[in-house]
Amino acid sequence: MPEEPVITVTGHEQYRAWHAKEFPPVEQLRSNVWSIPVPFPGNPLRYTISYLLLGTGASVLIDPGWDSDDGWRHLVDGLEQAGLTPGDLTGIVVTHYHPDHHGMTARLKDASGAWLAMGGDEWIPDPSRDVDDVREADMFRLGHWGVPQDRLEELTFSRRADRPRLLAPDLPLASGEMLPVAGLNVRAVSTPGHTPGHLCLVDEDNGLVFSGDHVLPRISPHISLEHEGLSNPLADYFDSLAAIDLGDDVEVCPAHEYRFTGLSRRVAQLARHNQARSDEVLLVLREQAPASVWEVARELTWSRGWASLNGFSLRLALAETASHLVYLESLGHKVDVAVDFPEPVTTIAADSVR
């Protein structure tokens, strides 16, 4: 008997556009729900899908997308197709702080005066932090992970002058809270892992789950260990997968790619994928006796090979490896690899003087 497919595609136009490398259309999914794609320039994902929810005399937009003039035009055009302007919005909900979801929020909030809701535990970068201090601390931690001296500059997060303005929420949402919008029955579900305060939203009336980056139809979300993030993000991600396992009949509306059903099967597949990766990391620890996160990562299987990784993709690979090491250590496995985040000696010395 043939095995049931993991997912069933429901966003057929999105699926067609994805594989044709085209931009998907604005679509009306239910009488009061619209999907509006916003360009994500210079990234293989190509676009973020925003979702407009229409209540009774009120409206909410989920994940405004990457901030750009072209993206703003697409967003405004999409709202117009639904009969709205940016100024008509009541609220903005952001599933997590990454700029391809949260980047356009400030521009949209300026135009609308809408309130902003996010997960109560989400981390927002502090724009007042000194660029040089952030860079120095980051390079120190990367060196602690075993990154060779001649690769540190390449892997350090850039702090560009044109970085987006990432706002803190007016309305921090806890798991189980309902969106405060008349005519909507939408529940927040806390799903940390991809970020500390990632949020999914469940539209109880329409049988929809707005999953952000937590569950995507094809890609496994990146679960990384970062200085400002969760102490054991992979353990949290496993718990969050269980929290959003609402059966195979609900329709999943992700922030990238295309809509689908088969949520329970996809959740199980994602859990197996991450567990298999942890098993591979454990095997490297036992057979190779690596001395650093770098030495573990270079022994793992990467889709295009270790040598192909550079810049941001290499940094993500290291952070993902570190998250597996922390997870394995939490299960009681012996992990003789430093994955903590020490402060640079200069910073410690300066604090002690004060």
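This write-up is about the structure you can find in this document. All values derive from a computational prediction rather than experimental measurement.

Under the criterion given, the structure shown has 8 aromatic pairs. Ring geometry for Tyr 15 versus Tyr 258: centroids 5.0 Å apart, planes at 75 degrees, classification edge-to-face. Within this pair, whereas Tyr 15 is found in helix α1 (residues 12-20), its partner Tyr 258 is found in the loop between β12 (251-254) and β13 (260-261), the two being separated by 243 residues in sequence. Summarising the aromatic geometry, the rings of Phe 23 and Tyr 47 are spaced 5.9 Å apart at their centres and angled 80 degrees between planes, so their arrangement reads as edge-to-face. With a gap of 24 residues between them, Phe 23 in the loop between α1 and β2 (27-30) and Tyr 47 in strand β4 (residues 47-54) connect regions that are remote in the sequence. Feature note: the residues Trp 18, Phe 23 and Tyr 47 constitute an aromatic cluster, connected by ring pairs. In this arrangement the basic side chain of Arg 46 is found over the ring face of Trp 18, its NZ or CZ atom lying 4.5 Å from the centre.

A word on the pattern of salt bridges. For the structure shown, the criterion picks out 20 salt bridges. In this structure, the salt-bridge partner of Arg 107 is Asp 69, at a minimum N-O distance of 3.1 Å. Linking Arg 107 in helix α4 (residues 105-112) with Asp 69 in helix α2 (residues 69-81), this pair joins segments that are 38 residues apart in sequence. On the accessibility criterion, Arg 107 (27% relative accessible area) is partly exposed. As a salt-bridge pair, Glu 204 and Arg 187 come within 2.7 Å of each other at their nearest N and O atoms. With Glu 204 in the loop between β10 (199-203) and β11 (208-212) and Arg 187 in strand β9 (residues 186-190), this residue pair connects regions lying 17 residues apart in the sequence. A relative accessible area of 38% places Glu 204 in the partly exposed class. For Arg 187, a relative accessible area of 24% corresponds to the partly exposed category. By sharing partners, the salt bridges in this structure join Glu 27, Arg 30, Glu 251 and Arg 259 into a single network.

Attention now moves to the sheet that holds strand β6 (residues 91-93). Pairing within the open sheet is mixed, and its 7 strands lie in the order β2-β3-β4-β5-β6-β7-β8. Edge strands, defined here as strands with exactly one partner in the open sheet, are β2 and β8 (171-173). Averaged over all pairs of adjacent strands, the angle between strand axes in this sheet comes to 25 degrees, irrespective of strand direction. Note that β2 and strand β3 (residues 33-39) share 3 bridges and pair antiparallel. Bridged to Arg 30 within β3 is Val 33. Its contacts with the sheet put α2 on β3, β4 and β5 (59-62), and the angle it makes with β3 is roughly 165 degrees.

What follows is about the pairing of β5. Side chains of β5 alternate between two faces, with Ser 59 and Leu 61 and Val 60 and Ile 62 buried alike. Where β4 and β5 come together, 4 bridges link them in antiparallel fashion. Each residue of the ladder has a partner; that of Leu 53, found in β5, is Val 60. Connecting β4 to the antiparallel partner β5 that follows it, the hairpin turn spans 4 residues, and Gly 57 within it adopts a positive phi of roughly 65 degrees. Bridging between β5 and β6 involves 3 bridges; their strand directions are parallel. Note on β6: the bridge partner recorded for Ile 62 is Val 93.

Turning our attention to the packing of helix α7 (residues 233-243) against helix α10 (residues 311-330). Look at α7 against α10: their axes get within 7 Å of each other, and the N-to-C directions meet at 80 degrees. For the element pair α7 / α10, the angle class is roughly perpendicular. Residues Pro 233, Leu 234, Ala 235 and Phe 238 of α7 pack against Ser 323, His 324 and Tyr 327 of α10. Among the residues forming the contact of α7 with α10, the class breakdown is 5 nonpolar, 2 polar and no charged.

A separate point is the pairing of β11. Taking burial as the measure, the 5 residues of β11 include 5 buried ones, the bulk of the element. Covered by surrounding structure in β11 are Leu 208, Phe 210 and Gly 212 together with Val 209 and Ser 211, the residues of both alternating faces. With 3 bridges joining them, β10 and β11 adopt antiparallel strand pairing. When the bridges of β11 are listed, Val 202 appears paired with Val 209. Connecting β10 to the next strand, β11, in antiparallel fashion are 4 residues, including Gly 207 with a positive phi near 65 degrees. Summarising the sheet, β11 and β12 pair through 4 bridges and their orientation is parallel. Bridge pairing in β12 links Gly 212 to Pro 254.

Rules of the game
- Residues numbered from 1 in each chain as written.
- Predicted model: local features only at pLDDT ≥ 70, side-chain atom pairs only at ≥ 80, totals over all residues.
- Heavy atoms only, no water.
- Phe/Tyr/Trp six-rings, centres within 6.5 Å; stacked < 30°, edge-to-face > 60°.
- Helix = DSSP H or I, 4+ residues; strand = E, 2+ residues; numbered from the N terminus.
- Lys NZ or Arg CZ within 6 Å of the ring centre and 35° of its normal.
- Salt bridge = Lys/Arg side-chain N within 4 Å of Asp/Glu carboxyl O.
- Buried < 20%, exposed > 50% of the residue type's maximum accessible area, 1.4 Å probe, protein only.
- Pairing = 2+ DSSP bridges.
- Axes fitted to C-alpha atoms, helices over the stretch in contact; angles between N-to-C directions.
- Contact = heavy atoms within 4.5 Å.
- Parallel < 35°, antiparallel > 145°, perpendicular 65-115°, else oblique.
- Nonpolar A, V, L, I, M, F, W, Y, C, P; charged D, E, K, R; others polar.

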